[in-house]
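As a plain string of letters, each chain reads:
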Amino acid sequence: WLPALQLVRRGSKAVTRHWKAMHFQRQKLMAVTEYVAPRPAIPPRCLAPRKETVEKEDGYRLLLQRQVQEVFRDSRMVAVCQYNSMPDEEVVLMRHYLRKHNIEVKFVLNEIVRPVLSQSKYKNLLPLFVARNILLVSPETKAKEMLRVLKGVPQVNLLGACIDDTILSRRGVENFAKLPSLEATQGQTVGALALLPSQTSSLLQRGPAHLTALLDQHLHRLRDGDTGGDTESTGGDTESPAKPSPAQSSEAH
Amino acid sequence: MASKISVVLRPVKSIVVRFCPFETNVESTRKFLQCINHKKIQATNRNCEVTADVRHDGSEPLVDVTFADGDRLIMKGANLTTVEMLTALGSRCNAKDVKEEEKSKKRSR
């Protein structure tokens with residue numbers, strides 16, 4: 001007697017290369033033993049919201065903030081520029097040219113600079129720090145050279161600057177660059193101040209100077225008249241009356 | 001993301017971005033300027049001049065695009081996002097490209 005179910009011999013094996021449907025009993029077993037995720041007894045939205053852990057004080061962040069504070073303290077000129085992506089060689093070239101004028105290029109992150117600025121006295125620079133920026137810092141105020149270098153780099157746009165604790169816009173920086181140097185302005189001021197007293201002194205000296213000139217001329221004429229008067233007595237007579245009258249009028253004054 | 005939007009700048013002649021950095025509504029315009037200056041977008045058209053006009057007169061941020069066939073697109077960025085501005089520019093550039101291709105096909109026929 002052979003068993004009735006001999007389909008196994010004709011059909012495919014258990015492990016096949018094509019997809020084979022599971023046996024019904026196996027299907028039932030798999031359905032019953034499916035994974036059910038454990039649910040908490042109380043749904044989380046009924047509990048009090050967990051306070052997000054505050055970012056612990058990052059030492060690196062503090063270091064960067066301290067660096068920014070130092071930069072603002074030590075440099076006389078701080079220029080804020082927008083940085084659009086530039087090829088690396090151009091970045092290096094720009095850094096090189098600016099270094100020649102003792103201007104340093106610093107890449108800054110807004111989230112570090114914003115808290116530093118809000119606590120310092122540069123609150124009006126806060127709206128500048130949006131999108132990628134770079135700072136050009138320098139202990140000297142060479143605005144003309146900086147503008148010249150930046151003109152050659154189209155992808156860096158000057159937004160504003162803080163020179164000697166004065167916040168300037170782009171136009172302000174251009175006007176500042178057009179100003180003459182400090183020595184020239186000092187010389188101009190001294191010249192302007194000294195102009196009035198020199199005018200007064202020349203005015204005061206005009207009268208006596210005129211008098212001395214006239215007396216000198218009179219003496220010359222008299223001497224000439226004495227030496228040449230014996231030969232030309234008429235010439236001396238015509239000349240000498242002209243001379244005493246101005247001398248008399250100036251003496252009367 | 002704003003960097004994923006690619007814009008083909010072939011029909012564009014020049015772009016002028018005007019803004020006042022001390023205002024508070026210039027963030028999207030500045031980001032737009034940054035994206036426009038990206039290598040890939042600049043590589044699509046080397047002849048396109050991108051100028052940034054930085055002022056201090058409290059005026060609104062403005063993007064002025066001049067196309068090669070004389071059209072002008074003016075976008076006032078005070079209440080627009082960067083993505084909106086980029087998609088608007090991109091769609092117009094694509095439309096112009098398609099028109100030019102059709103014209104060149106007609107000429108070749």
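About the criteria used
- Residues numbered from 1 in each chain as written.
- Chains lettered and ligands numbered in written order.
- Predicted model: local features only at pLDDT ≥ 70, side-chain atom pairs only at ≥ 80, totals over all residues.
- Heavy atoms only, no water.
- UniProt positions renumbered as here; feature names shortened; annotations may be inferred.
- Pairing = 2+ DSSP bridges.
- Helix = DSSP H or I, 4+ residues; strand = E, 2+ residues; numbered from the N terminus.
- Axes fitted to C-alpha atoms, helices over the stretch in contact; angles between N-to-C directions.
- Contact = heavy atoms within 4.5 Å.
- Buried area = accessible area lost by both parts, 1.4 Å probe.
- Salt bridge = Lys/Arg side-chain N within 4 Å of Asp/Glu carboxyl O.

- Per an unreviewed UniProt entry, chain B carries the name Large ribosomal subunit protein mL53 and comes from Semnornis frantzii.
- Quoted verbatim from the Subcellular location (unreviewed entry) field of the UniProt record, the comment on chain B reads "Mitochondrion".
- Its UniProt record gives chain B a comment under Sequence similarities (unreviewed entry), which states: "Belongs to the mitochondrion-specific ribosomal protein mL53 family."

- As annotated in an unreviewed UniProt entry, chain A is Large ribosomal subunit protein uL10m from Semnornis frantzii.
- On record in UniProt, under Subcellular location (unreviewed entry), the comment for chain A is "Mitochondrion".
- The record held by UniProt for chain A lists under Sequence similarities (unreviewed entry) the comment "Belongs to the universal ribosomal protein uL10 family."

## Digging into the sheet that holds strand β2 (residues 104–108) of chain A
All names here are of chain A.
Inference 1: Across the sheet, five strands lie side by side as β2-β3-β1-β4-β5; this open sheet has antiparallel pairing. Since the sheet does not close on itself, it has two edges, and those belong to β2 and β5 (166–169), each with one partner. Going from strand to strand, the sheet's axes swing by 25° on average, the running direction of each strand aside.
Inference 2: Judged from the seven bridges that link them, strand β1 (residues 77–83) and strand β4 (residues 156–163) form a sheet pairing that is antiparallel. When the bridges of β4 are listed, C81 appears paired with L158.

## Concerning the interface of chain B and chain A
Inference 1: On the side of chain A, 19 residues touch chain B, which itself brings 15 residues to the contact.
Inference 2: Across the interface of chain B and chain A, roughly 1,500 Å² is buried in total on both sides, 58% from carbon and sulfur atoms.
Inference 3: Contact with chain A buries area across many residues of chain B, yet B:F22, B:R30 and B:Q34 alone supply 44% of it, more than any other trio.
Inference 4: Linking chain B to chain A there are zero salt bridges.
Inference 5: Put simply, the parts of the chain that give the side of chain B that touches chain A at least two residues each are α1 (27–36) and β2 (49–54) of chain B.
Inference 6: For the side of chain B that touches chain A, the element with the most residues is α1(B), which contributes five residues.

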